[in-house]
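Breakdown of the fold
Take a look at the letters that make up each chain.
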Amino acid sequence: MRRYLLPIAAGLVLGGLVHLLSTLALPRLALDDAYARLAQLGALNALRLVPEPTPFAAAMPRMDPAFESAVCRYDLSRGALRVRVPVTADYTSVSFYTRHGLAYYALNDRSAGRRLIELELMTPAQRAALPEDEDITAADRLIVESPTTEGLVYIRALVRERGARGAVRARLNEASCAPAA
Amino acid sequence: MALRALILLVAFVVAAATGLGLTWLASATGNGFGAVRVGAWSAWPKSGTPDADPYARAAFARSGELPLGLADGLAFYAVNDDGGNRLDGRCDIRIAGRLSPARFWTITVYDARGRLIDNAAGRYGFTSSELVWASDGRVEITLAPRARSGNWLPTGGREDIVVILRLYDTPVGVGSRSSDAGEMPAVSQEHCS
């Protein structure tokens, strides 16, 4: 038995390392993460309404059923995107995620302070390539820098009470996500 | 020679089992470090920011959930009642008290796997404007298998349930101190059938 003590001890130490590495690697290895689930709605660089969750089917687990939502799965390698979201009567938010689900930016109707949230999504390199004068003249232009080339824009609109769902959905249908050029 | 190979094999098997076992456990329980706990409720404000730690990122990648961006809102999870007992949908679960300030909030009931619970009323949760409030600003919600008067949410008699209370457009969690978390309602269970 004693001859197994050393390999077991070594195994435990190595196990700690395996744990750290596998935790770090999990976001990249997960086959069924939010991005993969939302990719089933199709379309890259376009907006898709996310089906309302039911007990039998939901795009993702633990979705908030009090919201209507839409997603734009993006790839900025061909250029920047323009995202337009008309705000609804109650609460509308736009959140940005990297390809592996890191929430890097979010804003809501109140922080945007207008009836139409309009922004441009680009990589830091694309922003640096903007003509300088253009950057100055459009002072109120909202530019969001994506740390990764691929990711998700997720739009949530609150349905305050059930009767309002149709109206909120129709409003969300007017949102868009398309190449800026 | 064969013995040496066996010893090496033992080391690798132990390494793989402990390492992957720990990762499996860690990604299945909680969303990383920096939890804010108020009574039965836990939230992970950092998980909705670019500073999310590797455990939070692994947990969300595995579950397939998108975390709420912190500028959007904060989700408080309740798995147990105030006494530390697992929430059981066969009991009457009472959620009562005051809430931290938020422009809107929602409360939703899920089964252990994060699915909504089927019921004839098609009712899975409440928004803050759907609820009947007490005059002193307190809320009282009952989760039970059968219909109740007042703010009732059906649990379908499921054994293990999870309640998520989401605060939208809230200052809670933006500060790093736990004392900023403010008030959350008490969670108790009775009349387990």
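Residues numbered from 1 in each chain as written. Chains lettered and ligands numbered in written order. Predicted model: local features only at pLDDT ≥ 70, side-chain atom pairs only at ≥ 80, totals over all residues. Heavy atoms only, no water.

1. Here we look at the state of the cysteines
All names here are of chain A. The condition is simple: By disulfide we mean two sulfur atoms from cysteines, separated by a distance within 2.5 Å. Secondary structure elements follow DSSP: runs of H or I of four or more residues count as helices, runs of E of two or more count as strands, with numbering from the N terminus.
Taken as a whole, this structure holds two disulfides over all chains when the rule is applied. Note on cysteine connectivity: Cys72 is disulfide-linked to Cys177, with sulfurs 1.9 Å apart. Because the torsion about its S-S bond is -45 degrees, the bridge between Cys72 and Cys177 counts as left-handed. Here Cys72 is found in strand 2 (residues 67-75), whereas its partner Cys177 is found in strand 9 (residues 176-179), with 105 residues between them in sequence.

2. What about the domain arrangement of chain A?
Interfaces are often described in size by the accessible area the parts lose on coming together. The cut-off we apply is this: Domain start and stop positions are those given by an automatic or database domain assignment.
Each assigned domain of chain A is listed here: domain 1 (1-30) and domain 2 (34-179). A C-alpha centroid distance of 40 Å is found between domain 1 of chain A and domain 2 of chain A.

3. Looking at the packing of aromatic side chains
Operational definition: Pairs were defined over the aromatic rings of Phe, Tyr and Trp, the Trp ring being its six-membered one, requiring ring centres within 6.5 Å. Orientation was assigned from the angle between planes: stacked under 30 degrees, edge-to-face over 60, tilted for the rest. Type-normalised accessible area, obtained with a 1.4 Å probe on protein chains alone, sets the label of each residue: buried when under 20%, exposed when over 50%, and partly exposed for intermediate values.
Applying the stated criterion to the full structure yields seven aromatic pairs over all chains. An angle of 45 degrees between the planes, with centres 5.8 Å apart, marks the rings of Phe96 of chain A and Tyr105 of chain A as tilted. For Tyr105 of chain A, a relative accessible area of 34% corresponds to the partly exposed category. Here Trp105 of chain B and Trp133 of chain B contribute two aromatic rings whose centre-to-centre distance is 5.8 Å and whose plane-to-plane angle is 65 degrees, an arrangement assigned as edge-to-face.

4. A closer look at the pattern of salt bridges
Residues and elements named next belong to chain A. Cut-off, in case you're wondering: Counted as salt bridges are all cases of a side-chain nitrogen of Lys or Arg within 4 Å of a carboxyl oxygen of Asp or Glu.
Across all of its chains, the model carries 21 salt bridges over all chains by this definition. Linking Arg99 and Asp33 is a salt bridge whose minimum nitrogen-to-oxygen distance equals 3.4 Å. Here the residue Arg99 occupies a position in the loop between strand 4 (92-98) and strand 5 (103-108), and Asp33 occupies one in the loop between helix 1 (5-29) and helix 2 (34-39), the gap between them amounting to 66 residues. If you follow the salt bridges from partner to partner, you end up with Glu52, Glu68, Arg165 and Arg169 in one network.

5. Overview of the sheet that holds strand 2 of chain A
Residue and element names in this part refer to chain A. Spelled out, the test is: A strand pair is defined by DSSP finding two or more bridges across the two strands. Think of each axis as a best-fit line through the C-alpha atoms, taken over the contacting stretch in the case of a helix, with angles from 0 to 180 degrees between the N-to-C directions. Between two residues, a contact is recorded if the distance between any of their heavy atoms is within 4.5 Å.
Spatially, five strands are ordered 1-2-8-4-5 in an open sheet, and the strand pairing comes out antiparallel. One side of each edge strand has no neighbouring strand; the edge strands of this open sheet are strand 1 (47-50) and strand 5. Averaged over all neighbouring strand pairs, the angle between strand axes comes to 20 degrees, with direction disregarded. Lying over the sheet, helix 6 (residues 165-173) contacts strand 1, strand 2 and strand 8 (150-158), oriented at roughly 20 degrees with respect to strand 2.

6. Details of empty space enclosed by the protein
Selection criterion: Put plainly, a pocket is an open set of points on a 1 Å grid over the protein atoms alone with protein on both sides within 12 Å along at least five of seven lines, a cavity is a set where a 1.4 Å probe fits but cannot get out, and a lining residue has an atom within 4 Å of a point. Grid points are joined across faces, edges and corners, and a volume is the space filled by probe spheres set on the points.
A complete count under the given rule lists four cavities of 30 Å³ or more for this structure. Within this model, the largest cavity holds a volume of roughly 320 Å³. Around the largest cavity, the lining comprises 25 residues; the ones closest to its centre are Arg156 of chain A together with Leu66, Pro67, Leu68 and Arg166 of chain B. The set of elements that each furnish at least two residues to the lining of the largest cavity consists of strand 2 and strand 8 of chain A together with strand 3 (73-78) and strand 9 (161-168) of chain B.

7. Regarding the interface of chain B and chain A
To keep things clear, this is the line we draw: Two parts placed together each lose some accessible area under a 1.4 Å probe, and adding up what both lose gives the buried area. Counting of polar contacts relies on pairs of N or O atoms within 3.5 Å, with two restrictions inside protein: one atom must be capable of donating a hydrogen and the other of accepting it, and residues adjacent in sequence are counted only when both atoms are side-chain atoms. In this count, Pro and Cys sit with the nonpolar residues alongside Ala, Val, Leu, Ile, Met, Phe, Trp and Tyr, while Asp, Glu, Lys and Arg are called charged and the others, Gly among them, polar.
In this assembly, 58 residues from chain B lie in contact with 55 residues from chain A. Interface area, chain B with chain A, both sides summed: about 4800 Å², of which 65% is carbon and sulfur. When residues of chain B are sorted by the area they lose upon contact with chain A, Leu66, Arg103 and Phe104 of chain B head the list and together hold 14% of the total. Our count for the contact surface shared by chain B and chain A stands at four salt bridges. Here Arg103 of chain B ties to Asp109 of chain A by a salt bridge, and the two come within 2.9 Å at their closest N and O atoms. At the surface where chain B touches chain A, the tally comes to 21 residue pairs in polar contact (both at pLDDT 80 or more). Every element with two or more residues in the side of chain B that touches chain A is listed here: helix 1 (2-28), helix 2 (54-63), strand 5 (104-111) and strand 9 of chain B. When residues in the side of chain B that touches chain A are grouped by element, the largest group, 15 residues, is from helix 1 of chain B. Class assignment of the residues belonging to the side of chain B that touches chain A gives a composition of 31 nonpolar, 15 polar and 12 charged.

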